[in-house]
Amino acid sequence: MSLAQVHHISAAAGDESAEGRFTAVGRGVTAALLAELEPLFAYVLPDGAPHRPTDAELRSLPQAFTYAALSDGSRVVGRTAPARGESSAPVRFHTHAVHIPVGVPLPGGRLPVEAWRSPHWATVTPAGGASLSDPLGALPPGPAPVREGLDDFAVSRGPWLAAVLSDLRRASEEAAPAGGPVVLVERRSADVARWLGLAAVALPRESAERLTFTTYTRRPGSSALRVVGVAPEDAAAAREAGLRVHVCADRPPVDGTGDVWARTAARVWRSRAPELFQEARGLPGDPFAAGPLAVVALCAGVGLGSEERAAAAGWAAERPYALDAKRTGQLVEALTSPGIDDRTGSEFDAVGRLFGALDGRCPAPVTAPLAAMLVTEAVRGGNGSLELPRRDAFVGPEGEAIAGVLGPEILTELESGAGGSRPVARTVQLLRVARLLGMNTRDLLPGVATRLAPALLRETEAETEGPEEYEGPGRPEEAAEAAAGPLRAAGTPGLTGSRGAPRTPGAPRPSGAPRTPGSAGTPAAPRPSGTAGSPEAPAFAPALLELLDEQFDVRTALLGALDRIAPEDPGAVARFLERVALPFTGTQALPHLRMCAEAPGAMTTLGRDRTALWHRILRAAGLSPFAEPLVLRTAAGLVWEDRAPTVEEARLLLEAATSDAHRAAGTWSRLADAALGAPADAEEAEALAHDLLRAFPQEIQGRERAALQLLALCRDLRTGAPEPGWADRVRTLRDRAAPLEPPVQERAFCALAERLLAPDRPGAELYAFVRSDDTDLIAAYDRAARTEPTRTRLRTQPAYAADCFTVWTAHPHVGPAWTTTAAALLEEVLRPAVRSMSAELVAEVEETVGRTGSSGRANAFRDWNRSRTLGRLGRRIVGRVRRG
């Protein structure tokens with residue numbers, strides 16, 4: 001079929017006397033198409049071009065080789081070249097174009113860019129308006145001349161190659177990309193055509209046919225084509241227009257491209273192996289996937305980067321059936337070459353998937369290099385995410401060789417005491433590789449497990465999200481819902497002081513760390529925390545579970561080590577077990593692990609009922625506290641975490657086991673916390689303190705012991721007969737227990753004051769109290785004297801009123817605290833009580849004062865009672881105080 005040809009000639013720029021015109025138009029080209037073609041043939045001279053060029057200068061001007069799609073679906077291929085004009089217009093621009101109707105391929109199945117070197121492009125309109133020869137149909141058979149020299153050109157443009165190919169690939173997509181054409185900046189328009197030739201070879205045919213272009217223009221921003229070439233002087237304008245510009249005539253670019261296909265294609269071109277593009281298109285997969293091209297490149301000996309090698313391995317892993325035995329061997333050899341030193345984690349992961357796909361499908365000698373490479377990386381590269389080969393991958397000399405090389409390294413690292421800071425994934429990987437290579441690690445396992453167990457908890461805690469502190473819901477159903485969440489994710493819940501500082505189990509609380517008032521007084525729900533929903537497993541979990549499934553001896557050692565450290569931090573172990581379902585259903589006892597595993601579900605079910613929770617968790621141990629006292633510590637840590645039990649809960653704990661068991665478990669300190677942290681009105685705290693001092697006389701020492709002794713003294717003051725000297729003893733114990741918990745001090749001062757206000761208080765104790773002039777104790781005495789029970793007794797018992805008058809007037813010189821308080825009690829407490837009495841009761845008070853004191857004191861009471869103001873005695877007392 002003969003294609004219609006068109007010739008057009010235009011005047012040089014600035015020649016307003018001449019107009020462009022079509023000098024020859026082939027059959028079938030309509031006027032509408034001509035109107036659409038004419039803007040495509042516009043030509044603007046480069047800056048600085050001479051007005052009357054010589055023949056050499058004329059030949060050096062750029063030529064615009066253009067391929068465009070027209071509105072009716074047809075296409076046009078043409079060349080615009082400067083030509084000699086008349087004297088009035090020394091330079092004209094002649095366009096020779098071929099119109100390609102819709103659905104008609106180019107002659108010989110050529111691509112448009114293959115015609116740019118055709119010798120039949122005319123520079124003048126032929127006589128008679130008909131071309132002597134078709135520039136497309138007259139191309140020689142075989143590879144078109146456009147491919148000649150492309151290898152050298154690709155090597156010369158190596159730094160720009162990947163980025164340009166990536167943009168040309170995007171420009172060839174079915175939907176034209178937004179943002180205007182890709183701009184190629186070259187000093188010669190022929191080099192732009194060479195770029196298009198590189199793309200035509202690398203791209204699939206349908207993509208190359210969509211790539212409309214021109215090799216030269218001065219107006220890239222207004223072009224509707226997908227690729228345009230410009231001279232260097234127009235690069236800045238193209239950038240200002242927001243176009244994607246590649247200045248291939250300047251310094252090489254610094255940044256590369258992330259397009260792995262384009263990088264692979266660039267390496268193929270630089271290796272002068274363009275035939276690999278067609279070979280890759282014969283493999284299954286996306287046409288622009290890097291995998292097929294990377295596979296054929298590696299099989300052909302082309303050196304690729306790590307990402308490209310990873311793409312090849314990943315593609316082959318997904319389609320192991322697509323390669324024959326020869327290519328598979330070549331690919332494995334290329335991937336495992338000892339000369340490669342830039343492998344990345346993603347490449348090793350892809351190689352691991354490839355080994356998994358080929359293992360069992362190919363002979364062992366083919367896959368053995370892959371297995372050796374993976375194992376070597378696992379040991380030396382520290383890649384904990386690798387999918388390791390099966391154990392039988394190294395049966396025979398290959399296994400002996402790799403074990404001889406890596407074995408000593410593995411054993412040395414596993415023996416290293418630095419294992420405590422070694423990541424869990426690393427230790428797990430080493431143990432798995434050791435078994436894979438048939439190494440004997442039995443003697444190392446106890447030490448490895450001892451170091452690995454705390455590392456598991458540490459890394460799990462580090463991956464846990466920040467806590468949401470649980471303050472205790474208001475309704476039981478809220479408690480159950482909150483308890484259903486994961487265990488509290490922050491802090492170390494084990495045995496801690498009231499301020500949250502870690503404390504050695506069984507050790508007394510350090511001096512200077514009083515309990516928070518009421519910290520053990522109000523029961524609260526066990527505090528689950530963290531975020532709602534199922535907790536995610538840590539990153540090392542899959543490999544760890546595989547290790548425990550593979551190696552029974554490792555499982556036994558590790559579970560035993562975890563069980564041993566669980567009593568020290570049961571909350572952390574419970575959170576770990578909630579995220580990693582360890583298999584401990586075998587014959588090992590593991591009481592502490594079983595308790596930690598039971599805790600989350602028990603919290604969900606029982607909510608606020610800590611007593612029921614305690615019993616359920618303790619039953620989960622499967623051992624009695626008498627046989628294994630440490631289960632007490634584990635259960636207490638899970639139920640109360642860093643809080644103190646209430647007094648009632650503490651008595652439950654104390655009765656659950658003997659004092660020896662609590663002593664061995666260190667839980668006696670929680671019982672002391674409960675007694676000292678109880679509210680001031682918790683009556684059982686005094687009895688609990690008495691029992692604790694008897695049960696743990698050697699363990700409870702220092703400030704904590706003094707505080708408990710003070711509580712026990714309160715019990716004796718209220719219910720028994722304390723040893724003489726108790727007034728001074730209260731002050732002594734208070735000072736030893738400093739800083740004393742406010743509820744304990746309040747309880748002690750109140751008990752002392754009530755005992756001193758009792759009618760039968762010993763005089764010596766009262767005298768010692770008054771002589772101490774202790775401001776805090778006297779203030780507590782003042783508060784107790786003003787309570788309603790004391791006021792009622794004063795109004796109804798004349799003997800008690802007489803006794804109080806005697807006490808409050810008997811020691812006027814001991815000190816300002818007592819003197820001021822006594823005077824105030826006389827006026828504000830006793831006087832209202834006496835005035836409310838009948839005359840008979842007042843007389844009885846006066847008679848009792850005289851009988852128990854002297855006639856002078858009876859007269860003093862009479863004068864005090866008759867006075868409506870402070871009275872002479874009161875004024876005398878106050879005057880003495882002021883003079884003092």
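The model shown is predicted, which means the values in this text are computed figures rather than measured ones. (Residues numbered from 1 in each chain as written. Predicted model: local features only at pLDDT ≥ 70, side-chain atom pairs only at ≥ 80, totals over all residues. Heavy atoms only, no water.)

1. Notes on the overall build of the chain
As a reminder, the rule being used: Secondary structure elements are defined from DSSP: runs of H or I of at least 4 residues count as helices, runs of E of at least 2 residues count as strands, and each element is numbered from the N terminus. Only protein chains enter the accessibility calculation, which uses a 1.4 Å probe; a residue whose area is less than 20% of its type maximum is buried, one above 50% is exposed, and one in between is partly exposed. Contacts are assigned to residue pairs that have any heavy atoms within 4.5 Å of one another. To measure how exposed things are, a 1.4 Å probe is used in the Shrake-Rupley method; for residues, cover is taken only from the protein chains shown.
Scanning the chain from terminus to terminus reveals 39 helices and nine strands. Among the 884 residues that make up the chain, the fraction classed as buried is 52%. Considering only contacts within the chain whose residues lie at least 6 apart along the sequence, 72% involve residues at least 24 apart. Total accessible area on the chain is roughly 38700 Å²; 51% of this is exposed by carbon and sulfur atoms.

2. As for the pattern of salt bridges
Defined as follows: What counts as a salt bridge is simple: a side-chain nitrogen of Lys or Arg found within 4 Å of a carboxyl oxygen of Asp or Glu.
Inspection of the entire model under this criterion finds 52 salt bridges. Between Arg-169 and Asp-259 there is a salt bridge; the shortest N-O distance is 3.0 Å. Taken as a pair, Arg-169 in helix α4 (residues 158–171) and Asp-259 in the loop between β9 (244–247) and α8 (260–270) lie far apart in primary sequence, 90 residues in all. One salt bridge in this structure joins Arg-786 and Asp-782, with 3.0 Å as the shortest N-O distance.

3. Describing helix α13 (residues 345–358)
Because the α-helix completes a turn every 3.6 residues, residues three or four places apart line up on one side. Rules: Here, expected helix span is obtained from the residue count minus one, scaled by 1.5 Å.
The end-to-end C-alpha distance of α13, which contains 14 residues, comes to 20 Å, matching closely the 20 Å that a straight helix rising 1.5 Å per residue would cover. Turning to α13, its buried residues are Glu-347, Phe-348, Ala-350, Val-351, Gly-352, Leu-354, Phe-355, Ala-357 and Leu-358. For α13, the secondary structure elements touched by its buried residues are α11 (306–318), α12 (325–335) and α14 (364–381). Taken from the residues just after α13, Gly-360 is the one with a positive phi, measuring 90 degrees.

4. Section: the state of the cysteines
In a disulfide, the sulfur atoms of two cysteines are covalently bonded to one another. What counts is decided by this rule: The disulfide definition used here is simple: a pair of cysteine sulfur atoms within 2.5 Å.
Scanning the entire structure with this criterion turns up zero disulfides. The thiol of Cys-750 is not disulfide-bonded; the next cysteine sulfur, from Cys-714, is found 8.7 Å away. What makes Cys-750 partly exposed here is its relative accessible area of 29%.

5. A short note on the confidence of the model for the chain
Here is the rule we go by: Looking at any residue, its pLDDT shows the predictor's confidence there, from 0 to 100.
Of the residues in the chain, 86% have a pLDDT of 70 or more, and the chain-wide mean is 83. In this model, residues 466–513 is a region of pLDDT below 50 whose contacts with residues beyond four sequence positions or in other chains number 126 contacts. Taken together, the stretch residues 869–873 has pLDDT below 50 and engages in twelve contacts with residues farther than four places along the chain or on a different chain.

6. A word on the packing of aromatic side chains
How we decide: Pairing of aromatic rings covers Phe, Tyr and the six-membered ring of Trp, with a centre-to-centre limit of 6.5 Å; geometry is then stacked below 30 degrees between planes, edge-to-face above 60, and tilted otherwise. To sit over a ring, a charge needs its Lys NZ or Arg CZ within 6 Å of the ring centre and within 35 degrees of the ring normal.
Taken as a whole, this structure holds 16 aromatic pairs when the rule is applied. Their ring planes at 85 degrees and their centres at 5.1 Å tell us that Phe-805 and Phe-861 sit as a pair that is edge-to-face. With a gap of 56 residues between them, Phe-805 in helix α35 (residues 798–810) and Phe-861 in helix α38 (residues 855–866) connect regions that are remote in the sequence. With relative accessibility at 0%, the residue Phe-861 sits in the buried group. Grouping aromatic residues by their ring pairs yields a cluster made of Phe-65, Tyr-67, Trp-121 and Phe-213. Above the plane of the ring of Tyr-800 lies Arg-793, whose end atom (NZ or CZ) is 4.8 Å from the centre. Its guanidinium or amino end placed over the ring of Trp-864, Arg-831 lies 4.6 Å from that ring's centre, counting from NZ or CZ.

7. Things to note about the packing of helix α23 (residues 610–620) against helix α25 (residues 647–656)
A pair of packed helices is characterised by two quantities: the angle between their axes and the separation of those axes. Under the convention used in this document: An axis is simply a line fitted to the C-alpha atoms; with a helix, the fit covers only the stretch in contact. Between two such axes, the angle follows the N-to-C directions and lies from 0 to 180 degrees. Any angle from 65 to 115 degrees is called roughly perpendicular, while one under 35 is roughly parallel, one over 145 is roughly antiparallel, and all others are oblique. Two helices cross in a left-handed way if the nearer one is turned anticlockwise from the farther one by less than a right angle. They cross in a right-handed way if the turn is clockwise. When residues are sorted by character, Ala, Val, Leu, Ile, Met, Phe, Trp, Tyr, Cys and Pro go into the nonpolar class, Asp, Glu, Lys and Arg into the charged class, and all the rest, Gly among them, into the polar class.
Where α23 contacts α25, the axes come no closer than 11 Å and their chain directions differ by 25 degrees. Taken together, α23 and α25 sit at an angle that is classed as roughly parallel. Between α23 and α25 lies a crossing whose hand is right-handed. Listed contacts from α25 to Arg-610, Thr-611, Trp-614 and His-615 of α23 are Glu-649, Leu-652, Leu-653 and Ala-656. Along the lines of polarity and charge, the residues of the contact of α23 with α25 split into four nonpolar, two polar and two charged.

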